[in-house]
Amino acid sequence: MIERTVLLTGAAGQVARHLLPGLSGYARRLVDVVQPLPAADPPEHTDVRVGDLADRAFATEVVQGVDTVVHLAANPRAQASWDALRTPNVDLVATILDAAQRADVRRVILASSVHAMGGYVQQEQHPVDPFWPPSPCCAYGATKAFAEALGRTYSYRTGLSVVCLRFGAVQDRPFAVGSMPSWLAPADLRHLVVRAIEAADVRFGVYHGVSANTRHEWDTSNARAEIGYAPTGDSEVFFTELDPNPRRSLCPRGPVA
Ligand SMILES: NC(=O)c1ccc[n+]([C@@H]2O[C@H](COP(=O)([O-])OP(=O)(O)OC[C@H]3O[C@@H](n4cnc5c(N)ncnc54)[C@H](O)[C@@H]3O)[C@@H](O)[C@H]2O)c1
């Protein structure tokens, strides 16, 4: 039985493509500035809305009647300049949280990133504890730390539940040896987001979204304990097939874009 309506923003994007098959148990509202589905006829229980979420009136309209917002829409480029990040990664989060609060949405799940904590890994301080203060390795990571902070404000000030998921690299397989510790297998992504939707009694939480990688740099123990995340993927199985480049997917020292 379909009990919840889940709004997925950024529904035409790469993460959404991997995530969507995992949301088949929900009524889905898919939102993007471009058409998210190739088919003229959307699947059953799927409502597609095309528009710019930076437009407050549009954001207000699409959150109506929704149980959970899974907010993916953003600029996902770690190399992006502040000018390219400000609207999609800062203003948009504020607009979505405000619209969700006004519409009495139960929970907002924010797509954060391991880049919010990448400074630790780059300085060989790992496994990274999710409760350490943010240490972004780039302006992009700093926008994600801001989103987590603003989400926390809404959870404290209102009844809105906010769950922040610091996704690692969502890919069918890691692209190089250096990205093995932060790999998030698509099946684990789907499981993690469903756990984030379903977990009871979470007012606010920040969780690392990586698979059960043998190369352990990200502590997922609070995700396991609080929302029942039980990842099964391990990037080690791809080791012999990967580009041997050991450079991590996080950002090195140097001028900030
Ligand atoms: N791809 C990854 O491995 C990864 C890793 C960590 C975090 N993330 C985060 O996950 C989220 C999704 O990333 P992605 O790789 O799918 O990015 P993507 O660029 O492939 O998709 C983002 C989507 O958001 C849409 N969008 C952007 N601004 C919009 C607006 N104003 N209104 C409506 N739609 C808008 C775009 O059209 C695009 O389809 C982002 O928040 C990103 O920071 C991704």
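Scope of this entry: the structure provided in the associated data block. Predicted model, so just to flag it, every value in this text is computed and none were measured.

What counts, and where the lines are drawn
- Residues numbered from 1 in each chain as written.
- Predicted model: local features only at pLDDT ≥ 70, side-chain atom pairs only at ≥ 80, totals over all residues.
- Heavy atoms only, no water.
- Near = heavy atom within 4 Å.
- Polar contact = N/O pair within 3.5 Å; in protein donor to acceptor, adjacent residues only side chain to side chain.
- Areas by Shrake-Rupley, 256 points an atom, 1.4 Å probe, with all protein chains shown as cover.
- Helix = DSSP H or I, 4+ residues; strand = E, 2+ residues; numbered from the N terminus.
- Buried < 20%, exposed > 50% of the residue type's maximum accessible area, 1.4 Å probe, protein only.
- Phe/Tyr/Trp six-rings, centres within 6.5 Å; stacked < 30°, edge-to-face > 60°.
- Salt bridge = Lys/Arg side-chain N within 4 Å of Asp/Glu carboxyl O.
- Axes fitted to C-alpha atoms, helices over the stretch in contact; angles between N-to-C directions.
- Parallel < 35°, antiparallel > 145°, perpendicular 65-115°, else oblique.
- Left-handed = near helix turned anticlockwise from the far one by under 90°.
- Contact = heavy atoms within 4.5 Å.
- Nonpolar A, V, L, I, M, F, W, Y, C, P; charged D, E, K, R; others polar.
- 1 Å grid on protein atoms, 1.4 Å probe; cavity = no way out; pocket = protein on both sides within 12 Å on 5 of 7 lines; lining within 4 Å.
- Points joined across faces, edges and corners; volume = space filled by probe spheres on them.

**Quick look at the site of the ligand**
Within the structure, the ligand sits among 25 residues, and Val15, Asp32, Asp52, Leu72 and Tyr140 are positioned closest to it. Contact between the ligand and Leu53: a nitrogen atom at 3.0 Å from a main-chain N or O atom of the residue. Tyr140 is positioned with one of its side-chain polar atoms (N or O) 2.5 Å from an oxygen atom of the ligand. When isolated, the ligand has an accessible area of 830 Å², and the protein chains bury 83% of it. It is strand E5 (residues 107-113) that provides the largest number of residues to the shell around the ligand, a total of three residues.

**As for the side chain of His208**
Structurally, His208 is set in strand E9 (residues 204-209). Residue classification places His208 among the buried residues on the basis of a relative accessible area of 0%. Within polar-contact distance, the side chain of His208 engages the backbone oxygen of Asp219 at 3.0 Å.

**Side note on the packing of aromatic side chains**
In total, this model carries two aromatic pairs according to the counting rule given. Consider the rings of Tyr120 and Trp132, whose centres lie 4.8 Å apart with planes at 55°: the pair is tilted. Taken together, the residues span a long stretch of sequence, with Tyr120 in helix H4 (residues 118-122) and Trp132 in the loop between H4 and helix H5 (139-157) at a distance of twelve residues. With relative accessibility at 31%, the residue Trp132 sits in the partly exposed group. A ring pair is formed by Trp183 and Phe238, whose centres lie 5.3 Å apart and whose planes are at 80°; its orientation type is edge-to-face. Linking Trp183 in strand E8 (residues 183-184) with Phe238 in the segment after helix H7 (221-227), this pair joins segments that are 55 residues apart in sequence. We note that Trp183, like Phe238, is buried.

**As for the pattern of salt bridges**
All told, the structure shown has twelve salt bridges when counted by the stated rule. For the salt bridge of Arg166 with Glu148, the shortest nitrogen-to-oxygen distance reads 2.8 Å. Of this pair, Arg166 sits in strand E6 (residues 161-167) while Glu148 sits in helix H5, and the two are 18 residues apart along the sequence. Accessibility assignment for this pair places Arg166 and Glu148 in one class, buried. A single network of salt bridges, built from pairs that share partners, joins Arg4, Asp67, Arg106 and Glu198.

**Overview of the packing of helix H3 (residues 82-102) against H5**
Closest axis-to-axis distance for the H3/H5 pair is 10 Å, and the angle between their directions is 15°. Here H3 is positioned roughly parallel relative to H5, judged by the angle of their axes. The two elements H3 and H5 cross, and the hand of that crossing is right-handed. Along the contact surface, H3 presents Trp82, Leu85, Asn89, Val90, Val93, Ala94, Leu97, Asp98 and Gln101, while H5 presents Ala139, Tyr140, Thr143, Lys144, Phe146, Ala147, Leu150, Gly151 and Tyr154. Its residues assigned to classes, the contact of H3 with H5 shows twelve nonpolar, four polar and two charged.

**As for empty space enclosed by the protein**
This structure, assessed with the given rule, holds one cavity of 30 Å³ or more. In this structure, the largest cavity encloses a volume near 70 Å³. Together, His71, Leu72, Ala73, Ala74, Pro88, Asn89, Val93, Leu110, Ala111, Lys144 and Ala147 line the largest cavity. Listing elements by their share of the lining of the largest cavity, those giving two or more residues are H3, E5 and H5. The element best represented in the lining of the largest cavity is H3, accounting for three residues. Split into classes, the residues belonging to the lining of the largest cavity amount to eight nonpolar, two polar and one charged.

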